[in-house]
Amino acid sequence: MNWDETGPDTDERLDERLVHADADGEDTAVEAALRPKDLDEFVGQEKVREQLDLVLKAARARGATADHVLLSGAPGLGKTTLSMIIAAEMGAPIRITSGPAIQHAGDLAAILSSLQEGEVLFLDEIHRMSRPAEEMLYMAMEDFRVDVIVGKGPGATAIPLELPPFTLVGATTRAGLLPPPLRDRFGFTGHMEFYAPTELERVIHRSARLLDVEIDTDGAAEIAGRSRGTPRIANRLLRRVRDYAQVKAEGRIDRPVAAAALGVYEVDARGLDRLDRAVLGALLKLFGGGPVGLSTLAVAVGEERETVEEVAEPFLVREGLLARTPRGRVATPAAWTHLGLVPPQQGGKGQQGLFGA
């Protein structure tokens, strides 16, 4: 299964999880109201924000369109928000589309030919665009021109179409899949990092003000610590804690209320949910910490192999709770500690031999 695609089972699992980073229908509606409108209001990503500010100010001083911008990073870190800020800072309209929606060169030609001068074209998941459209984009980015092919076979004719200067903002979760000729045509590339808990606290306080939610510093810290370094998840958890607080705590969120609310939704102090703990629990309790094959682990937790590999494992690996090895999946000492279990004493075998604990 391609890492960029999810089957029905995986999509259904993502929809059920409170801590998944992809936007659902509710997120899209709420994010529109919570998004910052300029760089000064944008929280986090200090390096990217500072560099992008210079690029935009220089373009405005020259009276020119901004260079093409490539933003890479995990879902939910603010790539779409930054694209809208770029348009706002340049005083230009924005057109939004995505790579999977552009399957033919003609689809891209139709979009490009309708752009206004200085307009910002935001292309989400740009690495999933079709190859013919990708090749057309090379010329459009560099020369502001596309060749429209009329007819087929030996009688086909290329008609050059001049384009007004525009700024392309490409977003990708997998920058390595972009071909070098496309990457090289971006004047600025910014990589979005996961947020520190203190940055997420600022995001939560700002969102709470906009949502008219009363929350104290400890309550925001509790939510931030369970948000997996991702603002989208932080805002989603805030909304669920708000619901709990309105029903059971007179609408005010402090640390005990936040902890109780997220306990109801099965998000623990480290941001793991039911699926994450099921994978770790099976690895530790049934297989002694591993190594164990992915298919065997998936059967043990009653999930599809792709669900375990693509939905649960990335965060567990990033948190240092699980390792992928040539021999199979292995739990780290931190995983035993997190679940409150004592690793078996097996000398040089299995997990103990790999980590020396």
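Right above here is the structure, for reference.
Here the residue numbers are simple positions, counted from 1 along each chain's written sequence. Note on the predicted model: pLDDT of at least 70 is required for a residue's local features to be given, and 80 or more for side-chain atom pairs to be given and counted; whole-chain, interface and lining totals, by contrast, use all residues. Only heavy atoms go into the side-chain values, all of them from the structure, while hydrogens and water stay out.

**Topic: the overall build of the protein chain**
Link 1 in the chain: Along the backbone of the protein chain there are 16 helices and 11 strands.
Link 2 in the chain: Relative accessibility decides the category of a residue: with a 1.4 Å probe and only protein chains considered, values under 20% of the type maximum give buried, values over 50% give exposed, and everything between is partly exposed. For the protein chain, buried positions account for 49% of its 357 residues.
Link 3 in the chain: Here, two residues are considered to be in contact whenever any of their heavy atoms come within 4.5 Å of each other. Taking the contacts inside the protein chain whose residues are at least 6 apart along the sequence as the reference set, 70% of them involve residues at least 24 apart.
Link 4 in the chain: Residue burial considers only the protein chains on display, and all accessible areas are found by Shrake-Rupley using a 1.4 Å probe. In the form shown here, the protein chain has an accessible surface area of approximately 16,500 Å², with 51% of it arising from carbon and sulfur atoms. A run of DSSP states H or I qualifies as a helix once it reaches four residues; a run of E qualifies as a strand once it reaches two. Both are numbered from the N-terminal end.

**A word on the pattern of salt bridges**
Link 1 in the chain: Just to be clear on terms, a salt bridge is a Lys or Arg side-chain nitrogen sitting within 4 Å of an Asp or Glu carboxyl oxygen. Evaluated as defined, the whole model comprises 21 salt bridges.
Link 2 in the chain: For R324, the salt bridge is made with E313, and the minimal N-O distance between the two is 2.8 Å. Of the two residues, R324 sits in strand β10 (residues 322-325) while E313 sits in helix α14 (residues 305-318), which places them 11 residues apart along the sequence.
Link 3 in the chain: In this structure, a network of salt bridges that share partners links the residues E214, D216, R252 and D254.

**Examining the packing of helix α12 (residues 274-285) against α14**
Link 1 in the chain: Think of each axis as a best-fit line through the C-alpha atoms, taken over the contacting stretch in the case of a helix, with angles from 0 to 180 degrees between the N-to-C directions. At a minimum axis distance of 10 Å, the contact between α12 and α14 shows a crossing angle of 90 degrees. With respect to each other, α12 and α14 are oriented roughly perpendicular. Here L275, D276, V279 and L280 of α12 lie close against α14, whose contacting residues are T307, V308, V311, A312 and L316.
Link 2 in the chain: All amino acids are sorted into three groups, where Ala, Val, Leu, Ile, Met, Phe, Trp, Tyr, Cys and Pro are nonpolar, Asp, Glu, Lys and Arg are charged, and the leftover types, Gly among them, are polar. Of the residues belonging to the contact of α12 with α14, the class tally is seven nonpolar, one polar and one charged. Our angle categories are set so that under 35 degrees counts as roughly parallel, over 145 as roughly antiparallel, 65 to 115 as roughly perpendicular, and the remainder as oblique.

**Observations concerning helix α13 (residues 294-301)**
Link 1 in the chain: All of the buried residues in α13 are L294, L297, A298 and V301. With its buried residues spanning 100 degrees around the axis, α13 presents them on a single face.
Link 2 in the chain: Next to the buried residues of α13 lie α12, α14 and β11 (328-331). The arc in question is traced by the directions running from the helix axis to the C-beta atoms.

**Some points on the pairing of strand β6 (residues 167-172)**
Link 1 in the chain: Counting buried positions along β6 yields six of six residues, so the element is predominantly enclosed.
Link 2 in the chain: A two-sided burial pattern is seen for β6, the buried positions comprising T167, V169 and A171 on one face and L168, G170 and T172 on the other.
Link 3 in the chain: Strand pairing is assigned whenever DSSP identifies at least 2 bridges connecting the two strands. As judged from the four bridges shared by strand β1 (residues 69-72) and β6, these two strands associate in the parallel manner. Bridge assignment links S72 to a residue of β6, and that residue is T172.
Link 4 in the chain: Sheet analysis places strand β3 (residues 120-124) next to β6, joined by four bridges and oriented parallel.

**Brief notes about the side chain of R226**
Link 1 in the chain: Summarising the element assignment, R226 is placed in the loop between α9 (217-224) and α10 (231-248).
Link 2 in the chain: In this structure, R226 is in contact with L237, A259, L262, G263, V267, D268, A269 and G271, ignoring residues within four places of it in sequence.

**Some details on the nonpolar core**
Link 1 in the chain: Working definition of a nonpolar core: buried Ala, Val, Leu, Ile, Met, Phe, Trp, Tyr and Cys residues. They are joined through side-chain atoms within 4.5 Å. With 49 residues, the main nonpolar core has L82, I204, I215, I223 and I253 as its most contacted residues.
Link 2 in the chain: Setting aside residues no more than four positions away along its own chain, I253 makes contact with V213, E214, I215, D216, G219, L238, V241, R242, A245 and A258.
Link 3 in the chain: Counting residues in hydrophobic clusters, the runner-up holds 24 residues, among them L108, L137, A140 and L168.

**Points about helix α5 (residues 105-113)**
Residues separated by three or four positions in an α-helix point in the same direction, a consequence of the helix having 3.6 residues per turn.
Link 1 in the chain: Of the residues making up α5, those classed as buried are L108, A109, I111 and L112. Viewed end-on, α5 has its buried residues packed into an arc of 165 degrees, placing them on one side of the element.

**Some words on the pairing of strand β7 (residues 188-191)**
Link 1 in the chain: Here β7 shows a buried face lined by F188 and G190 and an unburied face lined by T189 and H191.
Link 2 in the chain: Relative to β7, β1 runs parallel, the two being bridged by four bridges. Its bridge partner being in β7, L71 is matched across the sheet by G190.

**Focus on the packing of aromatic side chains**
Link 1 in the chain: Pairing of aromatic side chains here covers Phe, Tyr and the six-membered ring of Trp, requires ring centres within 6.5 Å, and sorts the geometry by plane angle: under 30 degrees stacked, over 60 edge-to-face, intermediate tilted. Applying the stated criterion across every chain yields a total of one aromatic pair.
Link 2 in the chain: Note on F144 and F166: the rings are 5.5 Å apart at their centroids and 80 degrees apart in plane angle, and the pair reads as edge-to-face. Residue F144 is located in the loop between α6 (131-143) and β4 (145-150), and its partner F166 is located in the loop between β5 (157-162) and β6; the two are separated by 22 residues in the primary sequence.
Link 3 in the chain: By relative accessible area, F144 is classed as partly exposed at 22%.
Link 4 in the chain: When its relative accessible area of 1% is taken as the criterion, F166 is described as buried.

**Describing the environment of A175**
Link 1 in the chain: Mapped onto the elements of the fold, A175 is located in the loop between β6 and α7 (180-183).
Link 2 in the chain: Its relative accessible area of 26% is what places A175 among the partly exposed residues.
Link 3 in the chain: Along the backbone, A175 and E125 are 50 residues apart, and their C-alpha atoms lie at a distance of 9.5 Å.
Link 4 in the chain: Setting aside chain neighbours within four positions, we find A175 in contact with S72 and R183.

**Topic: the sheet that holds β7**
Link 1 in the chain: Ordered in space as β2-β3-β6-β1-β7, the five strands form an open sheet in which the pairing is parallel. The outermost strands of the open sheet, each flanked by one partner alone, are β2 (94-98) and β7. Averaged over all pairs of adjacent strands, the angle between their axes in this sheet comes to 15 degrees, without regard to strand direction.
Link 2 in the chain: Lying on the sheet, helix α3 (residues 46-62) is in contact with β1 and β7; it crosses β7 at an angle near 160 degrees.

So yeah, pure geometry; function would need other evidence.
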